[in-house]
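Descriptive structure summary
One-letter residues, chain by chain:
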Amino acid sequence: NISSSDTSKVTVDSNITITPNDWNKTNNSVTINSIDDLSVSDDNVTITVSINNSSATEYKNLLDQNFTLVFNDNDNANFNISDTNLSINEGSSKTFDINLTSKPISDVVIDFVVSNQEINISQNVTFTPNEWNITKTITVNSIDDLYDRNDTSILTIKINDTNSSNEYDNVSDKNISIIIINDDNASFTINNKPSDINESETGTFNITLGTIPTSNVILNISSSNTSEATVDSNITITPNDWNVTSN
């Protein structure tokens, strides 16, 4: 009788029969089949050979014999992401998928790190040995700012070495380049426009910007007839007071 200590790793012929006529032949071979699993680990299995009770009497009391086999693993610990580039409309979201390439011995925790505050995302995701092959969908949310520009961000996806199965510790980080498509338009608005002013009196109006400028905005102001009315020659609006109505 021939048996394997772990048939999920190795299977063998259940038994062979040697007759008095071929007792000394060397071709009484046994086939050993290793199972291609998806775990990243070398496997040790014990093969036991024992005498069946139906055998010749003088052989029945022989002790079992066994040996250990080491099966070298052919799997690599890694993870895949479905996208390396994402374009997201400002204030909207997009998703990508992530999955492991092999079954871990224990949990695998994946962290997400963003390069700036233009996007936000869940803190991390965990794959367990029981659900390692279930793809996880991750949502990336873009922030709706008030700048008239496209923004960029880098999302870094990395293994949390401290809290993950050891065979995943050396897996390289992966990056997704993200473009946030702008939905704002640079503009200015004149508020509280006076319709008429009495001679020798003054009037005022206010100016506000439609978006946050990246630097100062200087507005030139002129009168079509300076003999009748004069105005401030210009005003400067800074990024800090772009929406203050007292301009």
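These notes cover the structure that comes with them.

Calculation notes
Residues numbered from 1 in each chain as written. Predicted model: local features only at pLDDT ≥ 70, side-chain atom pairs only at ≥ 80, totals over all residues. Heavy atoms only, no water. Phe/Tyr/Trp six-rings, centres within 6.5 Å; stacked < 30°, edge-to-face > 60°. Helix = DSSP H or I, 4+ residues; strand = E, 2+ residues; numbered from the N terminus. Buried < 20%, exposed > 50% of the residue type's maximum accessible area, 1.4 Å probe, protein only. 1 Å grid on protein atoms, 1.4 Å probe; cavity = no way out; pocket = protein on both sides within 12 Å on 5 of 7 lines; lining within 4 Å. Points joined across faces, edges and corners; volume = space filled by probe spheres on them. Nonpolar A, V, L, I, M, F, W, Y, C, P; charged D, E, K, R; others polar. Lys, Arg positive; Asp, Glu negative; His and termini not counted. Salt bridge = Lys/Arg side-chain N within 4 Å of Asp/Glu carboxyl O. Contact = heavy atoms within 4.5 Å. Patch = residues over 30% accessible without salt bridge, like charges linked within 9 Å, V, L, I, M, F, W, Y side chains within 5 Å. Areas by Shrake-Rupley, 256 points an atom, 1.4 Å probe, with all protein chains shown as cover.

Time to look at the packing of aromatic side chains. All told, the structure shown has one aromatic pair when counted by the stated rule. Summarising the aromatic geometry, the rings of F96 and F112 are spaced 6.3 Å apart at their centres and angled 85° between planes, so their arrangement reads as edge-to-face. Here F96, found in strand β8 (residues 93–100), pairs with F112, found in strand β9 (residues 108–114); they are 16 residues apart in sequence, far enough to count as distant. The pair F96 / F112 is uniform in exposure class, with both members buried.

Quick look at the layout of surface pockets now. Size it by volume and the largest pocket reaches roughly 920 Å³. Lining the largest pocket are 28 residues; nearest its centre among them are I16, I18, I51, S55 and Y59. Looking at the lining of the largest pocket, the elements with two or more residues in it are β4 (43–49) and β5 (65–71). The dominant element in the lining of the largest pocket, judged by the number of residues it contributes, is β5, at three residues. Classifying every residue of the lining of the largest pocket by side-chain character gives 16 nonpolar, ten polar and two charged. Forming the boundary of the second largest pocket are 23 residues, of which I197, G203, F205, T230 and V231 lie nearest the centre. Of the residues belonging to the lining of the second largest pocket, the class tally is eight nonpolar, eleven polar and four charged.

To continue, consider the side chain of D184. Looking at the element boundaries, D184 is found in the loop between β14 (174–181) and β15 (188–191). No salt bridge is formed by the buried D184; the nearest opposite charge belongs to R149, separated by 8.5 Å. The residues contacting D184, other than those within four sequence positions of it, are E90, D144, D145, L146, Y147, D148 and T211.

Here we take up a nonpolar patch on the surface. A grouping of I16, I18, W23, V30, I32, V49 and F67 is seen on the molecular surface, where their side chains present a nonpolar patch of about 610 Å² in accessible area. Along the chain, W23 turns up in the loop between β2 (10–12) and β3 (32–34). Looking at W23, the relative accessible area reads 61%, which means it is exposed.

The backbone phi angle of N192 is positive, close to 55°, even though this residue is not glycine. For N192, the position within the fold is in the loop between β15 and β16 (206–209). Relative accessible area serves as the criterion here: at 58%, N192 is assigned to the exposed category. The backbone phi angle of S200 is positive, close to 70°, even though this residue is not glycine. Inspection of the secondary structure assignment puts S200 in the loop between β15 and β16. On the basis of relative accessibility, which here comes to 83%, the residue S200 falls in the exposed class.

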